Amino acid sequence: MPTLVIQTAFLGDVVLTTPLLSALAARHGPVDVVTTPVAAPLLETHPAVRKVIPYDKRGTDRGWGGVRNLAERLKRDRYARAYLPHRSLRTAALAFLARIPARIGFRGGWSFLYTEARPKPRTGHETDRLLALADDASGVYPPHLRPTPEDEEAAARLIEGAFVALAPGSIWGSKRWPYYGELARQLADYVPVVVVGGPDDVGLGEEIRRAAEGGEGRRRVVNACGKLTLRQSAALIGRARALVTNDSAPLHLATAMGTPVVALFGPTVTEFGFGPVRPGDAALGIDGLQCRPCSSHGPPRCPLGHHRCMRELTVPAVLAAIEELGALRRRG
Ligand code: SF4
């Protein structure tokens, strides 16, 4: 009988759940996953996944009507067990109403609706903490995504050859590093630069591209924001020599695609468990700021007004970290 995983948290959380999917598939066979419509295409091509069931909890499936309808559909698939890495009422209720006989999740919140509640480790990287839900995680299960050859072709059409990618966006304003334009300007003397992001980042990407145009020499900065699907963007990040990103989903896309990362942490810190995991990756942040970290996600804007955690992270420091990764080669 099949296994179900329900993970409807943020995009980055879904990427960090891929090791759990691999561990569960190794034991039970490929799993079905309920996830958000945004994250669904990423998991559709994952080798540990049999079927993806999109759940639009803020749109067409919103409210208790949506929960009940989806639970009825899940009931028909007669799942033997459900793993519930996201501690939310919706998640717990879905598995309960679908009458899945074994419902395994983390203690706390709505765990009285589970049949088995396991402790979630307080420390360590989120991938490892989520793996604590697996019955046997003795194998090696890194985050992993698998874009299709068509996704790779779409990414290759945008830019050929070596480049460094920048991911300047974040839904939390205080997590955005303000100097991507200047970084792109200086970086493009060495290597072509591609700005990656979704449709909401098109304007930001354009600002960065224009800022880079103002410098000396022959520069190449491509604004890829809004031009690719999410899976194509993962393919593009996978082709980059390195990705510079805030503490946001592209960090985890790069990890899953095996791309070296320079991650810039402002109001959050790596100790929260969402930093880079690959050896050699860099996580930069300003030490010694008493206000830091100021929230688990990062507030919309700096509550103190000065935003020192990001403004004091300088372009030379970021360039040095990129150089340390070996991603720079002066052109000509
Ligand atoms: S309060 Fe401190 S940590 Fe939070 S956004 Fe402002 S400068 Fe950054």
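These numbers were taken from a predicted model, which means no experiment stands behind them.

Q: Just to check I follow, could you spell out the sheet that holds strand E6 (residues 116-118) for this structure?
A: Across a sheet, paired strands are connected by hydrogen bonds in the backbone, their directions being either parallel or antiparallel. Here 6 strands make up an open sheet; going across it, the order is E3-E2-E1-E4-E5-E6 and the pairing parallel. Looking along the sheet, the strands with just one partner apiece sit at the ends: strand E3 (49-54) and E6. Strand after strand, the sheet turns through a mean of 20° between neighbouring axes, direction not considered. Summarising the sheet, strand E4 (residues 81-84) and strand E5 (residues 102-106) pair through 4 bridges and their orientation is parallel. Looking across to E5, one finds that Tyr 83 is bridged to Ile 104.

Q: Looking at this structure, how should I read the sheet that holds strand E8 (residues 193-195)?
A: Strand order in the open sheet formed by 6 strands is E9-E8-E7-E10-E11-E12, with parallel pairing between adjacent strands. Of all strands in the sheet, those with a lone pairing partner are strand E9 (221-223) and strand E12 (282-284), marking the two edges. The sheet shows a mean angle of 15° between the axes of neighbouring strands, direction not considered. With 4 bridges joining them, strand E7 (residues 164-167) and strand E10 (residues 242-246) adopt parallel strand pairing. When the sheet's bridge partners are listed, Val 164 is paired in E10 with Ala 242.

So, how was this worked out
- Residues numbered from 1 in each chain as written.
- Predicted model: local features only at pLDDT ≥ 70, side-chain atom pairs only at ≥ 80, totals over all residues.
- Heavy atoms only, no water.
- Pairing = 2+ DSSP bridges.
- Helix = DSSP H or I, 4+ residues; strand = E, 2+ residues; numbered from the N terminus.
- Axes fitted to C-alpha atoms, helices over the stretch in contact; angles between N-to-C directions.

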